[in-house]
Amino acid sequence: MRVVLSVAVVLVLATLLVPGLADRLRSGLVAAAGALRALGHGTLAVGDGFVLAVAVTVVTALLPVALVGASSASRPDGVRRRAVISGGVVLVLAAAAAVQAADPGDRFRSVVLAGLVGVAVGALADAAWGARSRAAHASDRTRRVAWTLAAAYGLVVVLVATAGSPVDGGVHPWLVRAIAVGQRLGAPGWLGYDAVEFTANVVFFVPFGFFVLLLFGARAWWVGMLGGFVASCAIETVQALFLPARFASVDDVVANTAGTVLGVLVGIVVLGRARRPGAPVGNREP
């Protein structure tokens, strides 16, 4: 882990200090996104700005996890400490990136927003790693409630996925106006309709991973993650073959799978926090 941390620090410093390297990296990501779009409709729909923001989020999500290698603390205060340190690093990186930009204010806001989202995701993974040994099973009562809620959630997913027209059709004009107002007030330029739609798809599948984790236990974390991917692929396939008014997209598969992963991590943290100190890990609580 310390090797990963050292390599990450070297890469970040090189990006900031080597002239033109950051611009070449951005150009490479934009070119890769353009190549995916050229493969056909539905392969990639999000804009270049959002692709760059997601890249920043992914990189900064590694910060709290990498800091685990420099600290043996696994208590909640250790998780918070690493998140605060990572947030400070994001602010420093945002300031350094803004100095090199034509529009420093927009660049600073963009990096800070995307970076802090990444830190939050990394802190969640950090907390889940610390809680994994205590989160073997939910109680029987929790599982009964989870089955009921999962059934209701599954029905909602089926209805939304098989609707003959996009479910956001009614709110689309209002959402576009709200986004325009937000950007006039200083929101980053990449925070457009595609970014909001992608984020909504992430949030929509968080319960999927959470319920699977509660039902099958933390040791079956991979079932939740793989299940979210398979379910999303099935939904997009149905929309592509049988629902001409809907648009199948790889973006949705990525967003839904990411939401499932977040749901699994949340479930591990919740089960780890709920387990009484000293309770047997391998048995269900009464």
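Scroll up to find the structure this text is about.
The structure displayed is predicted, hence computed values, not measured ones.

1. Looking at the overall build of the protein chain
A tally of regular secondary structure across the protein chain gives 10 helices and zero strands. In sequence order, the secondary structure elements of the protein chain are arranged as α-α-α-α-α-α-α-α-α-α. When burial is assessed residue by residue, the protein chain has 35% of its 286 residues classed as buried. Summed over its atoms, the accessible surface of the protein chain is roughly 15,700 Å², and 73% of this surface lies on carbon and sulfur atoms.

2. Side note on a nonpolar patch on the surface
On the surface, a nonpolar cluster with roughly 520 Å² of combined accessible area is contributed by Trp221, Trp222, Leu226, Phe229 and Val230. Within the element layout of this structure, Val230 appears in helix H9 (residues 221–242). Residue classification places Val230 among the partly exposed positions, given a relative accessible area of 48%.

3. Comments concerning the pattern of salt bridges
With the rule as written, the count across this model stands at one salt bridge. Of the charged contacts in the structure, one is a salt bridge between Arg82 and Asp126, with a shortest N-O distance of 2.6 Å. Of this pair, Arg82 sits in helix H4 (residues 76–99) while Asp126 sits in helix H5 (residues 104–131), and the two are 44 residues apart along the sequence. We classify Arg82 as buried; its relative accessible area is 5%.

4. Topic: the nonpolar core
Across soluble globular proteins, nonpolar side chains show a tendency to be buried alongside one another. Ranked by size, the top nonpolar core spans 24 residues in total, and within it Leu213, Ile268 and Leu271 carry the most contacts. Breaking this core down by element, the ones donating at least two residues are H5, helix H6 (140–161), helix H8 (193–216), H9 and helix H10 (250–274). Listed in part, the 13 residues of the second largest apolar core include Val46, Phe50, Val51 and Ala255.

Thresholds applied
Residues numbered from 1 in each chain as written. Predicted model: local features only at pLDDT ≥ 70, side-chain atom pairs only at ≥ 80, totals over all residues. Heavy atoms only, no water. Helix = DSSP H or I, 4+ residues; strand = E, 2+ residues; numbered from the N terminus. Buried < 20%, exposed > 50% of the residue type's maximum accessible area, 1.4 Å probe, protein only. Areas by Shrake-Rupley, 256 points an atom, 1.4 Å probe, with all protein chains shown as cover. Patch = residues over 30% accessible without salt bridge, like charges linked within 9 Å, V, L, I, M, F, W, Y side chains within 5 Å. Salt bridge = Lys/Arg side-chain N within 4 Å of Asp/Glu carboxyl O. Core = buried A, V, L, I, M, F, W, Y, C linked by side-chain atoms within 4.5 Å.

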